[in-house]
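# Remarks on the overall topology
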Amino acid sequence: MTTTQNPSQDPALLAGLAANDALDVFRVVLSHTSHPGNIGSTARAMKNMGLRHLVLINPKEFPSEVATSLAAGADDVLANARVVSTMEEALAGTTLQVAMTARRRELVLPLQTPRQLAPELLHEARQGQQIALVFGTEMSGLTIPEVAACNRLVTIPTNPDYSSLNLSQAVQVLCYELRAAQLDDVSYLEEKREHATHEQLELFYTHLEQTLTDIGFLKPHAPKRLMARMRRMFQRATLEKDEVDILRGVLRAAQEYRGPKAD
Ligand SMILES: C[S@@+](CC[C@H](N)C(=O)[O-])C[C@H]1O[C@@H](n2cnc3c(N)ncnc32)[C@H](O)[C@@H]1O
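Here the residue numbers are simple positions, counted from 1 along each chain's written sequence. For a predicted model such as this one, the threshold for reporting local features is a pLDDT of at least 70, and the threshold for listing and counting side-chain atom pairs is 80 or more; totals across whole chains, interfaces and linings nevertheless cover every residue.

## A word on the site of the ligand
Inclusion rule: We count a residue as near a molecule or strand when its backbone-placed C-beta atom lies within 6 Å of that partner. In the scheme used here, Gly and all other residues not listed as nonpolar or charged are polar, with Ala, Val, Leu, Ile, Met, Phe, Trp, Tyr, Cys and Pro taken as nonpolar and Asp, Glu, Lys and Arg as charged.
Near the ligand you find 19 residues, and of these Met100, Ala102, Gly136, Gly141 and Ala170 are the closest. Of the residues assigned to the shell around the ligand, the class counts are 8 nonpolar, 9 polar and 2 charged.

## A few points about the environment of Thr211
For clarity, the cut-off: Each helix corresponds to a stretch of at least 4 residues labelled H or I by DSSP, and each strand to a stretch of at least 2 residues labelled E; elements are numbered beginning at the N terminus. Partly exposed residues are those whose C-beta has more than 12 but fewer than 20 other C-beta atoms within 10 Å; 20 or more makes a residue buried and 12 or fewer makes it exposed, with C-beta atoms placed from the backbone. Here the contact rule is simple: place C-beta atoms from the backbone, and any two residues whose C-beta atoms are within 7 Å are in contact.
Of note, Thr211 is situated in helix α9 (residues 198–214). The exposure class assigned to Thr211 is partly exposed, which follows from the 18 C-beta atoms found within 10 Å. In the structure, Thr211 is positioned 28 residues away from Leu183 in sequence and 46 Å away in space, judged by C-alpha atoms. Those residues in contact with Thr211 that lie beyond four places of it in its chain are Leu251, Ala254 and Gln255.

## Quick notes on the domain arrangement of the protein
In plain terms, the rule: Start and end positions for the domains come from either an automated domain assignment or a database one.
When its domains are assigned, the protein resolves into domain 1 (7–189) and domain 2 (198–256). Here the C-alpha centre of domain 2 lies 50 Å away from the C-alpha centre of domain 1.

## A look at the packing of α9 against helix α11 (residues 241–256)
What counts, and what does not: Fitted lines through C-alpha atoms give the axes, limited to the stretch in contact for helices. The angle between two N-to-C directions lies from 0 to 180 degrees. Roughly parallel means an angle under 35 degrees; roughly antiparallel means over 145; roughly perpendicular covers 65 to 115; every other angle is labelled oblique. Should the near helix be turned anticlockwise from the far one by less than a right angle, the crossing is left-handed, and should it be turned clockwise, the crossing is right-handed.
For the pair α9 and α11, interaxial distance at closest approach is 10 Å and the crossing angle is 20 degrees. As judged from the angle between their axes, α9 and α11 are roughly parallel. Taken as a pair, α9 and α11 cross one another with a handedness that is left-handed. Contacts between α9 and α11 involve Gln200, Leu201, Phe204, His207, Leu208, Thr211 and Asp214 on the former and, on the latter, Lys241, Val244, Leu247, Arg248, Leu251, Ala254 and Gln255. Grouping the constituent residues of the contact of α9 with α11 by class yields 7 nonpolar, 4 polar and 3 charged.

## Here's the deal with the pairing of strand β4 (residues 96–100)
We apply this condition: For two strands to count as paired, DSSP must find a minimum of two bridges between them.
Across the 5 residues of β4, 5 count as buried, placing the element largely inside the fold. The side-chain alternation of β4 yields two buried faces, one formed by Leu96, Val98 and Met100 and the other by Gln97 and Ala99. Bridging between β4 and strand β6 (residues 131–135) involves 4 bridges; their strand directions are parallel. Across the sheet, the residue bridging to Gln97 is Ala132, located in β6. Sheet analysis places β4 next to strand β7 (residues 152–154), joined by 3 bridges and oriented parallel. Within the sheet, the bridge partner assigned to Ala99 lies in β7 and is Leu153.

## Notes on helix α6 (residues 114–126)
The line we're drawing: Between the first and last residue of a helix there are one fewer steps than residues, each counted as 1.5 Å, and that sum is the expected span.
Over its 13 residues, α6 extends 18 Å from the first C-alpha to the last, a length consistent with the 18 Å expected when each residue adds 1.5 Å. Where α6 is concerned, the buried positions are Pro114, Ala118, Leu121, Leu122 and Ala125. In this structure, the buried residues of α6 make contact with β1 (26–31), β4, β6, β7 and α8 (167–184).

## Description of unusual backbone geometry
Excluding glycine, most residues fall at negative phi; most peptide bonds, likewise, are trans. Of note, the bond from Phe62 into Pro63 is cis; its omega dihedral lies within 30 degrees of zero at 0 degrees. With respect to the element layout, Pro63 can be found in the loop between β2 (53–57) and α3 (65–71). Of note in the backbone geometry, Asn58 takes a positive phi value of approximately 40 degrees without being a glycine. Along the chain, the position of Asn58 falls in the loop between β2 and α3. For Lys224, which is not glycine, the phi torsion reads 50 degrees and is therefore positive. One can find Lys224 in the loop between α9 and α10 (226–236). Given 9 C-beta atoms within a 10 Å radius, Lys224 is considered exposed.

Structure below.
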């Protein structure tokens, strides 16, 4: 077996690298963080999972030696962190904003888990949308206006009697789910499929009905629900254009069939 040494010659590898870029549109936003150690641990958690854009809204202490020490090699994430003073600045340019909360009182949007939301986030990321993952301050979490600035609400399903994670651990869980969803998503390697259009399917159903009538399977005076059931069956299959062509070829052959050929 030969392996391609140069990634630029390997389309599958290139596609994988392109998929990795999806994580590059995410920004982690930490609001009013009190402990610099949590900023450092967040940077580490992000870099482990392939995210690198960190935005800090009014951190109590930053830059900080404690943050750098806990970043443990993810100091590039800290060096590039943007410090802003408002949520508006932190969310500028994003189309999706995910409020992370352990609390139940802010239920203004449907509550989702990271695993439920990750595929949608990745899909949007691949379209080049900018996405913010927003985390609250250690003592009190996100405020009501902060949650209201977001259009998605996510909770990590923890022990209901002890639901609040350490800030950087919450960041870790969400970033991991994004990475895991991305690794599971190999759709970028799939061949593009040309689905049959509505019109092509309608022609097929007409052809099918005519053929079933011709061969005596469908009784025009007592059709029952046969065609409705046939439609449902083929709709479930999400047929491609080529598959419809094959099926119509079969129908034509059935219509022209004159019995077994004599040897
Ligand atoms: C230490 S927690 C804040 C705890 C605070 N006492 C509260 O009630 O929200 C800091 C941040 O981590 C995130 N977080 C912690 N546990 C979480 C969970 N189970 N689900 C989602 N986010 C969580 C939230 O963004 C939260 O604002």
